Each structure stands twice: as C-alpha cells, then as structure tokens.
Amino acid sequence: MTGGSSLTPEERRAELAEALAAVRARIAAACAAAGRDEGEITLIAVTKTFPASDVRLLAGLGLADVGENRDQEARPKAAECAGLPLTWHFVGRLQTNKARAVAGYADVVHSVDRPRLVTALSDAAVRAGRTLRCLVQVSLDDDPAEGRGGAAPGAVPEVAAAIAAAAGLELGGVMAVAPLGADPLPAFTRLAGVAEEMRRNHPGARIVSAGMSGDLEQAIACGATHLRVGTALLGGRRAIVR
C-alpha cells in the first residue's frame, strides 16, 4: 500500500477497501483460533498523519471508529468529519493541559493513567456537557517513564476508582501497548489479568484495548475487544499531514 497523494480518490478508496478486507480476514481467523465471536471486536483505524479524506473513505467503507494520538491533528480532523457517524478515540499520551480540548471531540480516551488527568478530564467533560468513556492505560513494561505512559498495574485500581467516581466520565476498561521488541503474549496475558481484576469491582468496565497492526492476533487470543490498527489499514506513515 502506498498511501500516496498521487492516487485519485477512487484509487485510494480501492486501496483502503483491500486493506480493510485483509485486516478483517486476520481478525476473523484470530477469532476462530481463539474460539471467539468476531462481533466482540471493535476495529479502530488509527489515522495519525493521514488526511480527513481517508477518514471519510473509511467511513464510507463501513468503519465507524477512528483513533488519533495528537490533539493538534485530531481536533481539526474531527471537526472536518463532524457530519459522519463516527466514534472518536484519543489513544495517545495526554497532558492535563490538553484535557479540555480533547473532551470537546473525543468519545473514548484510552490513555488515562493518573488521578490528576482524571480530574482534568472530568472538569472538561462537565464544562462541555459531554460524557467521556475512559480507559486506564496500563504500563506492561514496568517503566511508565519510558515515554508511552501508563499506570503500573498496582496503581490501576486507584485510577479506575477515580474515573468511576468522576462526574462526566464513564469507566470503560483498560488499554495497553505491548513492550517494544518483546513477545506480546506475556504482556497481553498480564493485561487480561488486570482487566479481570478491574471487572470484579467495576463489572461494566469490559473494554480491553490492545493489539495493533503487528500483534492483533496475540491480542485477540488474550481477550482484546478493541484493536488500534494504523499501518495495516492506511499504509506507511506520511511525513506531512495534508
């Protein structure tokens, strides 16, 4: 897949349709291997660095969930696609000073990892008159300072309780990124345990956001409900957003 700007809209649509069919086939095979129902899986297209035109094309192909990881890109893209029946997921590390902006368009925030961010998102959601579904991001490499964020597994109950008690927020479940360069299965197995523990205290928190282009099969095998897929759907990242 080229993802290049030299393609006509019709060519790009055909390219995206082919990639979407391939990803859905991988999901179907992984669900069959794990004895799971495909209907349990939500596919999120992570469209960072790709234009709003790609979001519109994917929506036309039946994809309803879009993920972004940078507010400065996500906000105008969401505004440009405001008329589409989409659920917007903020999947990147979130600073508290961006909470108000993100609360204006995101429906689900995957990267909540500290009580201070819970407070900021709650204030922003109430101000905007919206309800945000929030996931606790779990660090699976025991190094939250590594750059991707995430609460240590032992801190997850505190963050989850804060979300559950906060006005304007709804606790949805957990999210994690597998450690770089390692077998993802042990990490996703660990996440499944954290998710199970959360459901003991919060039965409605059933989302497990895990798995990307390279490890979605392992994530499905470990109980993932939401997959965040970019490259396999859209191609290599563009250097410039157009």
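Not measured: the values here are computed from a predicted model.

### Some points on the nonpolar core
Across soluble globular proteins, nonpolar side chains have a tendency to be buried as a group. Core analysis: the largest hydrophobic core is formed by 70 residues, its most contacted members being Leu-121 and Leu-227. Beyond its immediate sequence surroundings of up to four residues, Leu-121 is in contact with Leu-94, Ala-99, Val-109, Val-112, Leu-132, Cys-134 and Leu-169. Listed in part, the five residues of the second largest apolar core include Val-108, Met-175, Val-177 and Ile-207.

### A closer look at helix 7 (residues 184-201)
Here helix 7 spans 27 Å end to end across 18 residues, near enough to the 26 Å set by a 1.5 Å rise per residue. Within helix 7, the full set of buried residues consists of Pro-184, Ala-187, Phe-188, Leu-191, Val-194, Ala-195 and Met-198. The arc enclosing the buried residues of helix 7, seen along the axis, measures out at 115°, which places them on a common side. For helix 7, the exposed residues lying more than 90 degrees away from the buried face are Pro-186 and Arg-200. The inward-facing, buried residues of helix 7 abut strand 5 (132-137), helix 6 (156-165), strand 6 (169-175), strand 7 (207-209) and helix 8 (216-221). Its side-chain oxygen at 3.0 Å from the backbone nitrogen of Leu-185, Asp-183 defines the N-terminal cap of helix 7.

### A few points about the pattern of salt bridges
Applying the stated criterion across every chain, the model contains 15 salt bridges. A salt bridge links Asp-71 to Arg-75; the shortest N-O distance between them is 2.5 Å. Within this pair, Asp-71 and its partner Arg-75 are both found in helix 3 (residues 71-80), separated by four residues, close to a single helical turn. One salt-bridge network, in which partners are shared between bridges, spans Glu-68, Arg-70, Glu-73 and Lys-77.

### A closer look at empty space enclosed by the protein
Unfilled space is identified by rolling a water-sized probe across the atoms. One pass over the full model with this rule turns up two cavities of 30 Å³ or more. Taken together, Phe-188, Leu-191, Ala-192, Val-208, Ala-210, Ala-219, Cys-222, Gly-223 and Ala-224 make up the full set of residues lining the second largest cavity. Element by element, the count of residues in the lining of the second largest cavity is highest for helix 7, at three residues. Tallied by class, residues from the lining of the second largest cavity come to eight nonpolar, one polar and no charged.

### Structural notes on the side chain of His-110
In this structure, His-110 sits in strand 4 (residues 108-112). Residue His-110 is classed as buried on the basis of its relative accessible area, which comes to 0%.

Rules and cut-offs
- Within every chain, residues take consecutive numbers counted from 1 along the sequence as written.
- Per-residue local features are limited, in this predicted model, to residues with pLDDT of at least 70; the limit for side-chain atom pairs, both in listing and counting, is 80 or more; totals at the level of whole chains, interfaces and linings are taken over all residues.
- Neither water nor hydrogens contribute to the side-chain values; these are computed over all heavy atoms in the structure.
- To define a nonpolar core, start from buried Ala, Val, Leu, Ile, Met, Phe, Trp, Tyr and Cys residues and group those joined through side-chain atoms within 4.5 Å.
- Relative accessibility decides the category of a residue: with a 1.4 Å probe and only protein chains considered, values under 20% of the type maximum give buried, values over 50% give exposed, and everything between is partly exposed.
- Any two residues having at least one pair of non-hydrogen atoms within 4.5 Å are treated as being in contact.
- The way it works is that DSSP assigns letters per residue, a run of H or I at least four long becomes a helix, a run of E at least two long becomes a strand, and they are numbered from the N terminus.
- Given a helix with a known number of residues, its expected span is that number minus one, times 1.5 Å.
- Each direction from the helix axis to a C-beta atom contributes to the arc, which is the arc of those directions.
- Pairs of N or O atoms within 3.5 Å make up the polar contacts considered here, provided that, within protein, one atom can donate a hydrogen while the other can accept it, and that residues adjacent in sequence are counted only when both atoms are side-chain atoms.
- Each reported salt bridge corresponds to a side-chain nitrogen of Lys or Arg within 4 Å of a carboxyl oxygen of Asp or Glu.
- In this analysis a 1.4 Å probe is tested at points of a 1 Å grid over the protein atoms alone, and where it fits but cannot get out there is a cavity; an open set with protein on both sides within 12 Å along at least five of seven lines is a pocket; lining residues have an atom within 4 Å of a point.
- Grid points are joined across faces, edges and corners, and a volume is the space filled by probe spheres set on the points.
- In this classification, Asp, Glu, Lys and Arg are treated as charged, Ala, Val, Leu, Ile, Met, Phe, Trp, Tyr, Cys and Pro as nonpolar, and every other residue, Gly included, as polar.

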